[in-house]
Amino acid sequence: MSSADDRRFGVLRAIVADFVATREPIGSKTLVERHNLGVSSATVRNDMAVLEAEGYITQPHTSSGRIPTEKGYREFVDRLDGVKPMSAPERRAILDFLDSGVDLDDVLRRAVRLLAQLTRQVAVVQYPTLSASTVRHLEVVALTPARLLLVVITDSGRVDQRIVELGNPLDEHQLAQLRDLLGKALDGKRLSAASIAVADLAGQLVGGDRNQPMGAGNPLADAIGRAATVLVETLVEHREERLLTGGTANLTHNTADFGGSLRTVLEALEEQVVVLKLLAAQQEAGKVTVRIGHETEVAAGAGEMAGTSVVTTTYGTMDTVYGGMGVLGPTRMDYPGTISSVAAVALYIGEVLGSR
């Protein structure tokens, strides 16, 4: 890249930094005074004219300075040298705060609150998706002799509870057998494999196979079939996705940045479907993705997110992505600081959940 291009990018970077900080259009005189650009005001004016002609900056009003366009923000983000590093005390504070969470719900609530405070934007965290999880433990609890509570605990800490109504009551010995059979079928398996294993187990025991010690009329075989039906629904067919948000009030501090679209952004956050689409589109572990303005609308497949930028990543362990997370705010955003905060919080959520 030529020295002239590098110089113009330096001007663009200065305009982005000043506009994010002040929300005021930036003139050439201001740039020369505030930044050590090493060139005259005339050269800066010429560079700004080229940047405007190429669509990186625009003049919102006659006789005013310039502000970045979506294309300008995109160029700025694409040419970031790296994420803004956090100090060791900052990283330790984040890890300690998240590690103090008593369970999955508490850790994720702490994460959205912390991320909203760090970025002064809206933070969103998706609950771990069942499809990406492994069964860590299955507990079978007899509420009554004819009613069971099944508790599925995944490696991400997600807990799902289901009630099974039995056709015939089980005694203590049969309950222990049921717990052992289901536990062996499920333990340590990815949920897709676990659902197949439990369905196969039910087919063997309930299908009337005469070579099996239990026929279809046996209370234990009947309980296996009923439990399998409930578990398959839990492990495969139960598609509920949950999303935690924090810092929604931060959007109201930047109402002018959204023009007339803030209401639709708030409605999209409330309905969650659009945000879940954005998080689902982010699947590469360890990568932070920045979508700016119309890029966000395209990724979400809807126009509700006009005027917004979304910074997303995934969280999980080295081997498994649990879910997506990130922040949403106006295009006038501190991108280096936001990218750094999102990456750090995601890293430590994964460490905390993976160690439990």
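Structure first, text after, so check above.
Summarised in this report is the structure supplied together with it. These numbers were taken from a predicted model, which means no experiment stands behind them.

Scoring rules and cut-offs
- Residues numbered from 1 in each chain as written.
- Predicted model: local features only at pLDDT ≥ 70, side-chain atom pairs only at ≥ 80, totals over all residues.
- Heavy atoms only, no water.
- Pairing = 2+ DSSP bridges.
- Helix = DSSP H or I, 4+ residues; strand = E, 2+ residues; numbered from the N terminus.
- Axes fitted to C-alpha atoms, helices over the stretch in contact; angles between N-to-C directions.
- Contact = heavy atoms within 4.5 Å.
- Buried < 20%, exposed > 50% of the residue type's maximum accessible area, 1.4 Å probe, protein only.

### Structural notes on the sheet that holds strand 10 (residues 321-330)
Across the sheet, which stays open at both edges, the 5 strands sit in the order 7-3-10-9-8 with antiparallel pairing between neighbours. Taken across any chain shown, the strands that pair with only one partner, and hence form the sheet edges, are strand 7 (243-246) and strand 8 (289-292). Within this sheet the neighbouring strands show an average axis-to-axis angle of 20°, counted without direction. Its contacts with the sheet put helix 11 (residues 273-280) on strand 3 (122-126), strand 7, strand 8, strand 9 (308-316) and strand 10, and the angle it makes with strand 3 is roughly 70°. In the packing of helix 13 (residues 335-354) onto the sheet, contacts are made with strand 8, strand 9 and strand 10, and the angle to strand 9 comes to roughly 25°.

### Overview of unusual backbone geometry
Of note in the backbone geometry, R23 takes a positive phi value of approximately 65° without being a glycine. Among the structural elements, R23 can be located in the loop between helix 1 (3-22) and helix 2 (28-34). Classification of R23 as partly exposed rests on a relative accessible area of 35%. Even without being glycine, R120 reaches a positive phi, approximately 60°. Among the structural elements, R120 can be located in the loop between helix 6 (104-119) and strand 3. With a relative accessible area of 58%, R120 lands in the exposed category.

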